[in-house]
Structures are given as C-alpha cells and as structure tokens.
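Here is how the chains run, residue by residue.
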Amino acid sequence: MARKWGRDGAGVVLLLACASGTALAGGFQLRENDVRALGRAYAGVASAPDNTVVAINNPGALGFLEGRQVALDLHGVDPDARFSGGGIDAAGAPLQGGDGGDPATLAAVPATTYHQPLGERWHLGLSLGAPYGLETHYDEDWVGRYQALRSKLTTVELGAALAYEVNERLSLGAGVGARYADGVLSNAIDLGAILAAQQVPGFAPQSADGKAEVSGDDWVPTLTLGLLWRATDSTRLGLAWRSAADLELDSEADFDVPDAVAAVLSASGSELFRDTGAIASIANPATATASLYHQTAGGIGIAADIAWTGWSRFERIDVAFDNPAQPDVREIANWRDTWYAAFGVDWPLNAQWTLRAGVAHDQTPTRDEYRSPRVADADRNWASLGATWAPGGEWVFDLGYAHLFFVDDPTVSNRAATGSTLAGSFDSSADVVGVAARWRF
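What counts as what
- Residue positions are counted from 1 within each chain, in the order its sequence is given.
- Thresholds applied to this predicted model are a pLDDT of at least 70 for local features of residues and 80 or more for the giving and counting of side-chain atom pairs; totals over whole chains, interfaces and linings are not thresholded and use all residues.
- Just so you know, side-chain values use all the structure's heavy atoms and leave hydrogens and water out.
- A cavity here means a set of 1 Å grid points, computed over protein atoms only, where a 1.4 Å probe fits but cannot escape. A pocket is an open set with protein on both sides within 12 Å along at least 5 of 7 lines, and lining residues have an atom within 4 Å of a point.
- Grid points are joined across faces, edges and corners, and a volume is the space filled by probe spheres set on the points.
- We count a stretch as a helix when DSSP gives it H or I for four or more residues in a row; a strand needs E for two or more, and each element gets its number in order from the N terminus.
- Any residue that is not Ala, Val, Leu, Ile, Met, Phe, Trp, Tyr, Cys, Pro, Asp, Glu, Lys or Arg is counted as polar, Gly included; the first ten are nonpolar and the last four charged.
- For Phe, Tyr and Trp, where Trp contributes only its six-membered ring, two rings pair if their centres lie within 6.5 Å, and the inter-plane angle classes them as stacked under 30 degrees, edge-to-face over 60, or tilted in between.
- Residue exposure (1.4 Å probe, protein chains only): buried if accessible area is under 20% of the type maximum, exposed if over 50%, otherwise partly exposed.
- Two thresholds decide whether a charge sits over a ring: the Lys NZ or Arg CZ must be within 6 Å of the ring centre and within 35 degrees of the ring normal.

Can you walk me through the layout of surface pockets in this structure?
Over the atoms rolls a probe the size of a water molecule, and its path tells where empty space is left. Space inside the largest pocket adds up to approximately 400 Å³. In this structure, the largest pocket is lined by 20 residues; those nearest its centre are Arg36, Pro49, Asp50, Thr354 and Arg356. For the lining of the largest pocket, the secondary-structure elements that each account for two or more residues are strand 11 (287–295), strand 15 (338–348), strand 16 (353–362) and strand 17 (380–392). By residue number, the principal contributor to the lining of the largest pocket is strand 16, which donates three residues. Class assignment of the residues belonging to the lining of the largest pocket gives a composition of eight nonpolar, seven polar and five charged.

Set out below in structure tokens:
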C-alpha cells in the first residue's frame, strides 16, 4: 500500500552528545593531562612549581619555569558502568533487549608539553592534549537501543603559549590553540513504530528496527589566559581561563533500513532515511581555575584548586541534514554550570622520592529530567595517590592513580522520538592510572 510520507514521519534520529575515551570530569570534559597533579586529584594543576604541563593548564605559570623541559604524560582510563531497568515502546509493550553490557570503553589519554626560555623574561610553551572526550558503546540489541548505541567524541588540541615575567613575583601568559574534534553517534530507529503510526499493515513497534549513524569532524580556535603570583617565596596563586568553542561537525549521516521498510518507502515515493550530508552543532564550555600551592617550612606541599566549567552553554545538540526531506533534529540537554574542588599534598621522603595524595569533588552538569544514556553522568568524588622519582640527572618520572566514586547512581528517564521510554539507573565507577617522564636539557 503506497502512502505519502511527510516530514513528520521521521522525527527520529540523532542526538550528538558525546565523545572519545570515557570522560572523567563532569559531562565530557577530560582533566587527564598532568600525571603529577593526578596524584593530588588535580589540586595545584595551575600553580604547582616545576611542571611543564602548565603550558596547557595555565600559560602564566610558564614564566617561573627554568631551562628547556619536555614532558610526556599518559593516562589510562578504566571506567565501568552497568544499566539496570527497562521501558515500554510506543504501544505500551515492554521493550525487548538486554542491559547493553558495559558501555564504557578503556581509553588512553596522552599529552605532551614543552618549555623554552626566550631571553630573560619571555617563555614559550608548546602543548598537545585532549580537553574533551567520551566513548560509550552498547550492545546492538539492548533495551535502550532507540536512545543510544555508540557515542564517541575525540578531541585533540595543539597549543602555543607565551609568558612574560613582569617581576620576581608576577608572570602573565596567553595561549592560542587549534582544537580538532571527531564525532560518531549512532542509535537504532523503531521504524516499526513509525509505520504503525501511519497505519501501514504488518508493522508494530519493535517489529522493524533500522539504524542511524552520524560521523563528522571540525577545527576550532581557542584562547587561554593565565597568571601566576608568588605571594611569598613559599606561596603561589594561579588563575587561568580557557575560551568556549562551538563545534560545527561537517558530517555524513548513514541510515540502515530493513528491506520491508525500504519497499514501503519506495512505493510511497518517500526520500526519508537516505544517506546524506549533515551538520552537527555542539557547544563546548569556557573554563576558569583558581589554584593555590603552599610549601611549608618542612618542605610539604599543600595544594587546593577550585574550577568552574560553563556547561550552561550546552543547551542542545542540533543536527541539520542536507536532504530536505529528512527532518532536522534537536536534542535538548539543558546542562548547568559546574564546580570542581580539589585538595592535595606533596610529601618529600628524600632527595629522590616524593609521595602525594589528594581528594576532590566533581559536579555533573546533567539534570535528572534530561539525562541521556549517552552521558549517564552524576556527581563524583575522587581519591588519589601518586609519587615522583628523581634518580638524578636530567630525568624525572611520575606515577599517579585515582579511583572515582559516584555519589549517587545516575538515573535516566528518557523518551525516544519514536515514542518508547527508557527508565533505569547505572552502577558506575572508574579507575585512572598515569605515568609520565620529564626531561630537562
């Protein structure tokens, strides 16, 4: 039976919320660029002394580094998440499928930084890092397949920064970056529910699943400003700000449609669910950090940070298709601004070894009423340990570990565009291990 399909016949498709490596700050933000700071739960990330990674986190602190230095940091992220719950389809019948397996993905997050003095007062910093990223990948037949299958965002940022020593107490810095983002997003489409709503015989919700995938990339510029004030010989205060960035991913949308559905679409003359180009828009937030590092008379370092992330800019994700017959998609996020607070200590054992520990609290930007299984995020606490080994000479080595405890299990109550509803919660945790080598030459 031929039927005319209008633009309202496919309000279905895509939600591009996420990203590569599993995000370990709120939302899909990554803090994993400094293994030494990992041991303090990232306290002192913008103020601790003798750390080349400030080229990423606070260009103003470059002004008090000495000599040429290069650092290679590598974090390994091992998240775990398990869904429990279920849902109903558009007709009120229970959703069929499993729990999705463990959607979180083991990931490596590298960073490299370089410092070069330029005369007596100027300093150059070069960096390569990953400020945002997340990846989740559910089983193809899981109960929440209409909300999410695969979500991946990989970012890489190349940066160059300059710092100027105003005097022996104050250093100012600025940096520019080029951020590359690559995203992949997929979910199942309940084409059976769409055809049943059009009263096409032989179709019912969950009877004919299709699949949609959007993938694309973009380059955007960024700006970082920072300062470091040495209030005394033993107390340092760092302030840093990084600009927001709006991604417009130049994308391809691929649709997988069962033969029975394709025959109905062809008979009706519909142009829906055809592979097409697309633009996916995602707002990245601005960030600001205040960082304190104090060294006691006994040599113990005490660090405290508070960081703000402007996630309220992330109100929605828009996907606009080149195919005029395919309805554009708007996914509402309504995220909120977040705070991250951390406290840590450095304890020098001897000339070669320094131990460290830290704790932190990290807010989630997600709200219960809008949370998606693509970013099943909740407030979390950090507990971390670390060590530095300086065997002598030009090399120094760092090791860090953190465990993340979710304060509450993140819950979802999410309705797909085809009328099904997913409801349940995630049991989540994560471990982070980092190793770093630093060379002064």
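Explanation requested: empty space enclosed by the protein in the structure shown.
With the rule as written, the count across this model stands at three cavities of 30 Å³ or more. Approximately 560 Å³ is the volume found for the largest cavity. In this structure, the largest cavity is lined by 36 residues; those nearest its centre are Asn33, Ile56, Asn57, Arg242 and Thr287. Here the residues of the lining of the largest cavity sort into 19 nonpolar, 13 polar and four charged.

What is the right way to read the packing of aromatic side chains from this model?
Geometrically, a pair of aromatic rings is defined through the distance of the ring centres and the angle of the planes. Inspection of the entire model under this criterion finds 23 aromatic pairs. An angle of 50° between the planes, with centres 5.1 Å apart, marks the rings of Tyr180 and Trp219 as tilted. Of the two residues, Tyr180 is situated in strand 6 (residues 170–190) and Trp219 in strand 7 (residues 209–230); the sequence distance between them amounts to 39 residues. Among the residues examined, Tyr180 registers a relative accessible area of 24% and is labelled partly exposed. Judged by its relative accessible area of 53%, Trp219 falls in the exposed class. Relative to Trp389, the ring of Trp353 has its centre 6.1 Å away and its plane inclined at 20°; by these criteria the two rings are stacked. On the criterion of sequence distance, the pair formed by Trp353 in strand 16 and Trp389 in strand 17 is long-range, its members being 36 residues apart. Among the aromatic side chains, those forming a connected cluster through ring pairs are Tyr114, Trp353, Trp389, Trp395, Phe397, Trp439 and Phe441. Above the ring of Tyr340, the side-chain terminus of Arg31 is found at 3.8 Å from the ring centroid.

Treat this as a map of the structure, not an account of what it does.
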